[in-house]
Amino acid sequence: MLSRTIELANSIDLAGFRQAARQLLAEHVPPEDVTWTLSYQGLGDLFAEAPSKAAMTRLESASAPEAPPPKVPAFFLPLCQTAILHREPRRFALMYRLLWRLQHQPGLRHDTLDADRSALEDLARVVRRDMHKMTAFVRFRTVADEHADGPLHIAWFEPDHHIVETTAPFFQRRFTNMRWAILTPERCAQWDGAQLTFQPGASRDDAPPADAGEGLWLTYYEHIFNPARLKVKMMEREMPRRYWHNLPEAALIAPLVAAAHQRSGTMIEQGPQDMAKRLPKVLPLKVSAPAQWRSQPGQGARTTMTLPQLRAACQHCRDCPIGGHATQAVFGEGPVHAALMVVGEQPGDQEDLRGHPFVGPAGQLFNRAVAELGWDRQQFYVTNAVKHFKHEVRGKRRMHKTASQAEADACLPWLEAEITQVQPKAIIALGATAARQLLGRPVTITQNHGQWLKRESDGVPVLITTHPSALLRTQDDARSAAYAQWLADLRHATEHVPA
Ligand code: URA
C-alpha cells in the first residue's frame, strides 16, 4: 500500500483531521501508512487558513466524493477535541490509530485501559491542566488608552499548549465589561466588549510594564498572605515555578516566605499563653466560617485600603468559593463620604455581567422607589453584603442561590471596610442577609421593617426593610400594598438624604 501524507492547516485543525481521517478509513489506509504534517512545520501557522479548508495535498484520491463519517463511541470526539491542543507532534497519528482500531475491534470501545486511549487521555489531562493554569495565572495590567469604553487591560502569558482559543471564552465570560487582550508567543486573544478575536503571537515586550493596578494587586497579596497557612510545597504545586516570572505577586513570595518563618518562630517563642489569651475572643462569635474568614462588624481587616484599592483587590478574592464561579466581583458604588449607605444581599445575574450593583430587575424597582421618594440615587453609596453572584445553572439560566452564612461571613471584611471608608450617617438594609451581616445577628424583616436598629460596633443606625426582589416575587394582588409599605419604610431615611 502507498503511504499517504496528510497536511493539516494548523496545529489545532480538528475539522481537517476529521475530513482526512474519514477519507483514509474509506480507502482502508492503515495508520502505519499515514504521515501527518502541518502546512507550516514547527509551531504551525494557526492563521494560515480556516480549519475547514484543511489540505489533503498528497492524498491520491483527493478528488473523491466526501466519505461518510465513521461510527465512533461517545468518548472519542471530546477526547480528540482536547488532546489535539497538546504540543505532542504524534497526537494526530495517535488519534487516527485509535479511530482505526475502534472501527476494526468492536470490543475496544469498552476497554478503558487500552494503551492508545490512555495515551490520548494523558494528553487531554495535561491540556486541561494548562487551561486551568491559564485561567488562574493570567494577570492583566491596565493601559489608559483613552477609549470611550474605559481602559484596556493587557496580560502576557506563556501557555505550554495550543489553548488560547479554547480558554479565551472563559475570560470573555469573566471580564465581559472590560476591554482586554491576552498576548502569548503563539497567538493573541482580544475582547473589545462585543467581539472576541484572535491575532498572531506577540512578544513579551508588547505587554505593558507594571503599573498602579499591579501595585494594588501586590498590596492585596501581601494583605491576604497568611503565614500560618504557608505550605511551600503545595504552593509550588498549585502555582508551578515556571509561571512565576509572569506573576507580579511571585516577586513577593521569597521575602514573604522568609518573613513567615520568622513570624511563626516568634509565635512559638512567645509560647502558648498568647494563644490562650486570644481564644475567648474567638469562641463566642459562633460563626460557621473557618477561622481565617472571621471578622466582626466594625473590625474589617482591610480598613487601611481606600475604596478604589478595595474594589481592585476584591476582584481577586477567593476567601470563599463563590468568586470562582462568578464573572466578577461587584463592589459598592457611590460618593466616598455619602451620608446614606444602601446594602443589598448579593449581585444578581445582570449585576454580575455588568459589574455594577442594583442594575437588574431589583435595581429597577429600587430606582423607581428612589424617584417616587424624590431622592437622587447618585447621593448614596450602594453595595451588597456579598460581592459575588452565587448561582446554579439551570438550562440556559443562572438561578440566584442564597449565600451560606459562612460565605457571607467570608465577605464581611469587604463590607466593613466600605463602611469604614464611607463612614455613613445611616444605612438601609434591604432584606435579611444585609440586616444580619450589618448587625451581627439574625433580624426578622416582618417584625422589624421600618425600624432603626443600632450597630453595636460603631453605633451607626440601620433601617430595616424588605429586599426589592421579595416584592417582585409577591403575588399580583398583594404587590401594590407591599410596595406602598416598602416606600413608607424607606421614607424613614429621608432625613439622611441630602436635599
Ligand atoms: N439584588 C441585590 O441584593 N443586589 C444587587 O445588586 C442586585 C440584586
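None of the values given here were measured: they were computed from a predicted structure.

A. Representation of the pairing of strand E2 (residues 34-38) within the structure. The buried fraction of E2 is high, at 4 of 5 residues. Handedness of the crossover joining strand E1 (residues 4-8) and E2 through helix H1 (residues 14-26): right-handed.

B. Broad picture of the sheet that holds strand E8 (residues 340-344). Read across the open sheet, the 5 strands follow the order E9-E8-E12-E14-E13; overall the sheet is mixed. Here the strands that pair on one side only, and so sit at the sheet edges, are strand E9 (381-384) and strand E13 (452-454). Along the sheet, successive strands turn relative to each other by an average axial angle of 25°, direction set aside. Relative to the sheet, helix H14 (residues 432-439) contacts E8, strand E12 (426-430), E13 and strand E14 (461-465), its axis offset from that of E12 by approximately 140°. Relative to E14, helix H17 (residues 476-491) is tilted by about 175°, and along the sheet it contacts E12 and E14.

C. Structural context of the nonpolar core. In terms of nonpolar packing, the biggest core is built from 55 residues, with Phe17, Trp36, Tyr96, Phe140 and Trp180 touching the most fellow members. The dominant element in this core, judged by the number of residues it contributes, is helix H3 (residues 91-104), at 8 residues. In this structure Trp36 touches Ile6, Leu8, Phe17, Ala20, Ala21, Leu24, Phe92, Ala93 and Tyr96, once residues within four positions along its chain are discounted. Judged by nonpolar contacts, the second largest core, of 38 residues, contains Cys320, Ala329, Val422 and Val462.

D. Highlighting empty space enclosed by the protein. Per the counting criterion, the structure on display carries 1 cavity of 30 Å³ or more. Quantified by volume, the largest cavity comes out at close to 70 Å³.

E. Representation of the packing of helix H4 (residues 115-137) against helix H5 (residues 164-174) within the structure. Put simply, H4 and H5 touch, their axes get as near as 10 Å, and they point 35° apart. Remark: the crossing between H4 and H5 carries right-handed chirality. Along the contact surface, H4 presents Met131, Met134 and Thr135, while H5 presents Thr166, Thr167, Phe170 and Phe171. Per-class residue counts for the contact of H4 with H5 are 4 nonpolar, 3 polar and no charged.

The rules behind each value
Residues numbered from 1 in each chain as written. Predicted model: local features only at pLDDT ≥ 70, side-chain atom pairs only at ≥ 80, totals over all residues. Heavy atoms only, no water. Buried < 20%, exposed > 50% of the residue type's maximum accessible area, 1.4 Å probe, protein only. Helix = DSSP H or I, 4+ residues; strand = E, 2+ residues; numbered from the N terminus. Right-handed = clockwise from strand over helix to strand, strands pointing away. Pairing = 2+ DSSP bridges. Axes fitted to C-alpha atoms, helices over the stretch in contact; angles between N-to-C directions. Contact = heavy atoms within 4.5 Å. Core = buried A, V, L, I, M, F, W, Y, C linked by side-chain atoms within 4.5 Å. 1 Å grid on protein atoms, 1.4 Å probe; cavity = no way out; pocket = protein on both sides within 12 Å on 5 of 7 lines; lining within 4 Å. Points joined across faces, edges and corners; volume = space filled by probe spheres on them. Left-handed = near helix turned anticlockwise from the far one by under 90°. Nonpolar A, V, L, I, M, F, W, Y, C, P; charged D, E, K, R; others polar.

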